[in-house]
Amino acid sequence: MKGLEAFIYSILGDKKKKSLVIILTAVAFFASLMMFPTKMVLAKMLPGKSDNTFSVYVDTPTGSSIEQTKEVSECVLDILKNEKEVMNLELFLGQGIPLDYAGLVKGAAMKQTENVAEIAVNLTDKHTRKEPSFLMVQRLRPIVKQKCEKVVKGSNIKFIEQPAGPPTLASVVLEVHGDDLTKAREIAVQVADIFNHTEGLVDVDVMADDIFDKYELIPDTEKIARSGLSVEQVNNILYLAFEGMAVAHKNSKNMPDQIPIFLVLSDKSKRLENQSETALKSKLSSLNLMNMKGMMVPLIEVVNVKKVKSNPMIMHKDLSRMINVIAETDMVSQVYPLLAARDVMIEKFSKDYEIQKAGFTTYMFDLYLTDKKTGKKFLLRWDGEMKVTLDTFRDLGGAFIAALVLIFLLLVVYYKSFSISGIILLGSFLSLIGVIVGHWVANLFTSETFFLTATSLIGFIALMGISSRNSLLLIDFTKSLMECHGMDKRRAIAVATATRAKPIALTAVAIILGSALLASDPIFGGLGVALISGTVAAVFVSLIFVPVLMHNAKAMDFKPLDKCDVKEGSISITK
Amino acid sequence: MALEQYEVKDYAGKLAKGFLRNPLTSVLGAFLILMGYLSLSIMPREEDPQIAISGGAVIVAMPGATPREIENIIINPLERKFREVKGIEHIYGQAFNNYGIVSVMYYIGEDREDSNLKMYDKVMQNMDILPKGAMQPLIKPFDIDIDIPIMTVAFYAKDKSVDDVRLHEIVRHLQQKINAVQNVAKTTLKGNRKAQYNIEVDLNKLSAYHLSLGQIMKAVESVAVDVPDVKGRTKSKKLVIFGVKNAIESVDDVNNIIVAQYMGSPIYLRDVAKVREGVDIQNFKTASILFKKDRDAKMSDEKSQVTLTIAKLAGTNAVFVADDVMELLKEYDAELAKEGVGYVVTRNYGERANEAVNELMNHLVITIVIIALMLVFALGWKESLIVTFTVPAILAVTLFIAYLSGQTINRITLFAFLLSLGLLVDAAIIVIENIHRHLHAHDVDSKDMDELLVEATDEIGAPTNVATLAIILTMVPMAFVGGMMGSFMKPIPLNVPVALIASLFVAYIFTPYLSLKLLKKPTHKHHHHKGGK
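Described below are features of the structure shown in this document. (Residues numbered from 1 in each chain as written. Chains lettered and ligands numbered in written order. Predicted model: local features only at pLDDT ≥ 70, side-chain atom pairs only at ≥ 80, totals over all residues.)

1. Concerning the overall build of chain B
So, point 1. Each helix and strand in chain B was counted, giving 19 helices and 15 strands.
So, point 2. Here the C-alpha radius of gyration of chain B, 36 Å, is well above what a compact globule of 533 residues would show, namely 24 Å.
So, point 3. Overall size of chain B, expressed as C-alpha extent along the three principal axes, is 130 × 65 × 60 Å.
So, point 4. By residue count, 45% of the 533 residues in chain B fall in the buried class.
So, point 5. Long-range pairs, those at least 24 residues apart, make up 78% of the contacts in chain B with a sequence separation of at least 6. (Helix = DSSP H or I, 4+ residues; strand = E, 2+ residues; numbered from the N terminus. Rg over C-alpha atoms; globule rule 2.2 N^0.38 Å. Buried ≥ 20, exposed ≤ 12 C-beta atoms within 10 Å, placed from the backbone. Contact = placed C-beta atoms within 7 Å.)

What follows is the structure in structure tokens.
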């Protein structure tokens, strides 16, 4: 303690040394801030967590049959079933797995077409398993996609992990807004292509129906009327023949449900030779309709077959037409691939479009495109995790500023001095150095990237309070030393620092130990590291930097009082 | 007693003084810890905190319309109407062939019942803007509690004798029993195949007999009718009940339906079609499972399965519900085995929540022990013991308050505790450190123990209060963070300030009280310690 007291005393006596402390602190502060642009510390909202389960979404192109979807899914199952850590695999064809948090926002509950399937993969318990689920997904993803996506051309396989925090549609979501459907579609496909070539992005998908060939049967009303039929009859028979209908029901005592009596053409007789128009026509010619006179009319006689393109689904968001392009990140933060992809987009689209960047909002990465030829406008809007991240960081930033103001006001009320309150605030703000450097160090020691996350920010906000407490106790003590013991300012600060060093260090150690277990948690690791490293920084700041500022501050010139608040002896400075 | 009465200036000293010699202090301590323990065992446990997401979808079908038509006459008008509702964050519209869906997402935290009502109301008010030919709109609000099952159980047939229909029948029976378990809300079946009589018409035979599909449909419809019994009256005023029996009792009855007469001889359905008792062949939504007993076993073959999903009522304890369901399943073990049906529990959030909570509880205990050990070295074992006692007391108070305010124990709540752990021992450490310093000061003999304790507590009261208030102030704005993340993190701003306030009270009340019981004035008065050492 004596050593620290002498150390502080010597610093306070020398102008050069004082300046050196201030300069060093400033350098450390800016150096740590520089770790963001130099990507030494990477930011992400929430890191992945190891779980006992993940799921695989299989999407074959729109218009594919359930058999085709099944083929792709079986391929996935074949690979997954040989994994040692997989305990069971559930395949749900034509529907989603029982709803979970991830599926909630990904529209899993709405799935009910033949071209979708979902596989639930349950793993061994995460405590006994060496490989975390996110690494397993990372390892399996390329193998599965490479082998199974080619089973049915145009299929898309996605690996869905349980979100660590609130669920989003996908890590990277780009909404292509625009009234011109074909053009918007073109842009979306280009965007998807850019995503596919961006490092770190996987599971890229354009959330739009694929356009496929279909046949339109145009009823010839005149012929229908002349042969004594009706259009409705034509429709009904067609549906009955190929899709089938429950024409009656039977109630049963033994069955839990009614038994429908289902009428349909036999599988053999309804199957077409191939996808060609001739095959369809020949099938339709053998399907007869009975008219009112009891005569048989072949169906093909009353309709014309025309090959057309299917009408893709139209998607709106907030009243404007848009197409989503989504991608997941492969163990990296979505921020960096997103910015890389955005740069490529600006370069690529600038040929045909005027590009205008968005202003400073939580949609700050949006791009406004105007077609150079037609003047049509499009908007590329980033949503998904990016939007949530920006919103969260904005709100937490706001919370942080509010916290600063509140603490400042509280201190001004307590000390009735702006400069003393300023010192405390400045001192507590500097714990940011520790937070950033701590993340850099943590990143060096972990095999995966250790991100600065939203929880790190929460840790930092909490640290503000903790380090202001240190400075507060220090100033209080110095004040009473000067007022009650008539000590001179320099000596009083040195003594106070030396005396308060122990409780400051003790509470710091308590916080560090208390947060040690937090640091190992995937989600709250950021908070743990922020608290640990921030506290260390806070101790140095309050024991060296704050005393220097105190010595410089005029507001700290307390006069010895005649009648002292603090009784003699309560502050024991034994010499 | 005292030579000179110390004048108490701060709440800290008042509290210390008031409770120092009060016999009820120990009772209060025991009571707090008991309340905390009770709250811990009663409070509903879950893995992630509840996020109030409200929203829903309106589905309007209009057969025969193309996406462009649906967009113009259904999606656009509905979207415009939803703009009139306050609290909606996003409106999504999807126009498909034959139908359109408009879904709305409210801002996170909007009241769910209100939101649902507003949505329902808006659609009902504007039924007249829907086009002719559109069907009655379906309104489906989200309900996370009910929609996300906490348990899923996959049932599969162990041998060939159990077909899909029988499996469905058995699981349907079990579903009824499980739905009766306390706090179980929605149960659904996935991948189930229902019994159905399939009439598969051969197109070639149809043309050979000169028949149309319409005729067959009419023939079947005319036979399969259910009519209620009729009442006849006798002359002696009595009732005679009689009715037409349903003509279809089995597949054979369907087979024997006469679809037409040809040259006087009947054509039976069996002549032109294959009628089979089977499953719903038009339903392509199937499910299958592959599983193994333990890590090193071999994966079974793919088996078709029926998954039973079980959701719980909002605000109930997932752990208890899952346990009850598991117990019920155990009861039916023998019966299911006899039927040749096996099952695999493929999801159990109750267990997961319990594990997550218990793991974090362990972390809490370990952390407390580590801090206690650290204090033994820094302050001495008695002082360490005092500080260590305050931790469970503070946590107990916080838990109890959380329970009273209707929160649940989840990962985030426990992280709030872990986060505050480092902070909340501070107050106690500062008090005990000051007591320690006073006890080793040179004028210790001139003071009475009681007064010394009160004075030591009172002295650091003001700065500690302000400092703790500062930390609380940093946490409060976090409560106003919006969106999903804000809701997710909410337990932190809700619980940390409570824990910190509790830490002040506990430090001021129990630290001097326990010090009085455990600490003694040093007898070796000739030895002078240095300040704070």
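Read on, since the account is not over.
2. Some points on the interface of chain A and chain B
So, point 1. Across the boundary between the two partners, chain A contributes 111 residues, which contact 121 residues of chain B.
So, point 2. Of the residues assigned to the side of chain A that touches chain B, the class counts are 68 nonpolar, 26 polar and 17 charged.
So, point 3. Here strand β2 (residues 86-93) of chain A pairs with strand β13 (residues 287-291) of chain B via 5 bridges, running antiparallel. When the sheet's bridge partners are listed, L89(A) is paired in β13(B) with L290(B). (Nonpolar A, V, L, I, M, F, W, Y, C, P; charged D, E, K, R; others polar. Pairing = 2+ DSSP bridges.)

3. Thoughts on the sheet that holds strand β9 (residues 259-265) of chain A
So, point 1. Judged by pairing direction, the sheet is mixed, and its 4 strands sit side by side in the order β8(A)-β9(A)-β7(B)-β12(B) without closing on themselves. Edge positions in the sheet fall to β8 (245-250) of chain A together with β12 (273-279) of chain B, since each of these pairs with one other strand and no more. Averaged over all neighbouring strand pairs, the angle between strand axes comes to 25°, with direction disregarded.
So, point 2. Pairing of β9(A) with strand β7 (residues 195-201) of chain B, which is carried by 5 bridges, proceeds in the parallel orientation. Bridge pairing in β7(B) places L263(A) opposite I199(B).
So, point 3. Helix-sheet contacts for helix α8 (residues 213-223) of chain B involve β8 and β9 of chain A together with β7 of chain B, and the interaxial angle to β8(A) is about 15°. (Axes fitted to C-alpha atoms, helices over the stretch in contact; angles between N-to-C directions.)

4. Here we look at helix α14 (residues 431-445) of chain A
All names here are of chain A.
So, point 1. In this model, α14 (15 residues) spans 21 Å end to end at C-alpha, consistent with the 21 Å of a helix rising 1.5 Å per residue.
So, point 2. Of the residues making up α14, those classed as buried are S431, I433, G434, V435, I436, V437, G438, H439 and A442.
So, point 3. On its buried face, α14 is in contact with α2 (15-33), α13 (418-429), α15 (454-485) and α17 (525-552). (Expected span 1.5 Å × (residues − 1).)

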